[in-house]
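Spelled out, the chains give:
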Amino acid sequence: MNIKILGALAAVALLAACSKPATTTTTASPSTAAGIVPGSEEDLVANVGDRVFYAFNASTLSDDARTTLDKQATWLAKYGSVNAQIAGNCDERGTEEYNLALGQRRANAAATYLRAKGVAGARLATISYGKDRPTAQGSTEQAWAQNRNAITSVR
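Thresholds applied
Residues numbered from 1 in each chain as written. Predicted model: local features only at pLDDT ≥ 70, side-chain atom pairs only at ≥ 80, totals over all residues. Heavy atoms only, no water. Phe/Tyr/Trp six-rings, centres within 6.5 Å; stacked < 30°, edge-to-face > 60°. Buried < 20%, exposed > 50% of the residue type's maximum accessible area, 1.4 Å probe, protein only. Lys NZ or Arg CZ within 6 Å of the ring centre and 35° of its normal. Axes fitted to C-alpha atoms, helices over the stretch in contact; angles between N-to-C directions. Helix = DSSP H or I, 4+ residues; strand = E, 2+ residues; numbered from the N terminus. Parallel < 35°, antiparallel > 145°, perpendicular 65-115°, else oblique. Left-handed = near helix turned anticlockwise from the far one by under 90°. Contact = heavy atoms within 4.5 Å. Pairing = 2+ DSSP bridges. Right-handed = clockwise from strand over helix to strand, strands pointing away. Polar contact = N/O pair within 3.5 Å; in protein donor to acceptor, adjacent residues only side chain to side chain. pLDDT = per-residue confidence, 0-100.

A. Region of the structure containing the packing of aromatic side chains. Within the structure shown, the criterion is met by one aromatic pair. On the basis of an interplanar angle of 55° and a centroid distance of 5.1 Å, the ring pair of Trp-75 and Tyr-79 is categorised as tilted. The exposure class of Trp-75 is buried, given its relative accessible area of 6%. Positioned above the aromatic ring of Trp-144 is the side chain of Arg-93, whose terminal nitrogen or guanidinium carbon lies 3.8 Å from the ring centre.

Written out as structure tokens, the structure is:
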């Protein structure tokens, strides 16, 4: 009788040892799963998008730009201690003075939109780099289109 009980206990122990351990499910945000610190520049770039693009010789926001800025406004509301700088940029065509003014209009357009979405103006700074900081090299329409932007960065 003791052998039967001992055998049954051994069978149960063997089954328990072979069973799959319970898996725990954690819901990490995409930023923490990738090792990105929430509220950082990397978080903004990876999970929201840091730049909006403009048409040639324009500073009006497109629908795509508004969508990105809406995400930025939500992100900035979530991280209330984060301040941002918006840098307006241009392609290489045009004079230095003209491009500095156009870059400033682009930065101001993005900042004005973010303020309208509830971001405190004191948290936003704008600057124009004109054509001095291209993000894409070359003198092609593709490169020029990438350089006509406003880039939001954490400061």
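Once you've had a look at it, read on.
B. Looking closely at the packing of helix H4 (residues 63-78) against helix H5 (residues 96-116). In the contact formed by H4 and H5, the axes pass within 9 Å of each other and the chain directions differ by 55°. Relative to H5, the element H4 lies oblique. H5 is crossed by H4, and the crossing has right-handed handedness. Along the contact surface, H4 presents Arg-66, Leu-69, Asp-70, Gln-72, Ala-73 and Leu-76, while H5 presents Ala-110, Tyr-113 and Leu-114.

C. Structural view of the pairing of strand S3 (residues 124-130). Bridging between strand S2 (residues 84-89) and S3 involves six bridges; their strand directions are parallel. Looking across to S3, one finds that Asn-89 is bridged to Gly-130. Read as a crossover between parallel neighbours, the route from S2 over H5 to S3 is right-handed.

D. Fine view of the environment of Asp-50. Its location among the elements puts Asp-50 in the loop between helix H3 (41-47) and strand S1 (51-53). Judged by its relative accessible area of 10%, Asp-50 falls in the buried class. Separated by 36 residues in sequence, Asp-50 and Ile-86 place their C-alpha atoms 9.2 Å apart. In this structure the side chain of Asp-50 is engaged in a polar contact, spanning 3.2 Å, whose partner is the side chain of Arg-51.

E. Main features of the confidence of the model for the protein. Scored by pLDDT, the protein comes out at a mean of 87, with 78% of its residues at no less than 70. Taken as a whole, residues 14-28 scores under 50 in pLDDT and shows one contact with residues more than four places along the chain or in a different chain.

F. Structural context of unusual backbone geometry. One non-glycine residue, Asn-57, lies in positive phi territory at about 60°. Position of Asn-57 relative to the elements: it lies in the loop between S1 and H4.

G. Looking closely at the sheet that holds strand S4 (residues 149-154). Reading across from one edge, S1-S4-S2-S3 is the order of the four strands in this open sheet, with mixed pairing throughout. Looking at which strands have only one partner, the edges of the open sheet turn out to be S1 and S3. The average undirected angle you get between the axes of adjacent strands in this sheet is 20°. As paired strands, S2 and S4 are joined by five bridges and run antiparallel to one another. Along S4, the bridge assignment pairs Gly-88 with Ala-150.

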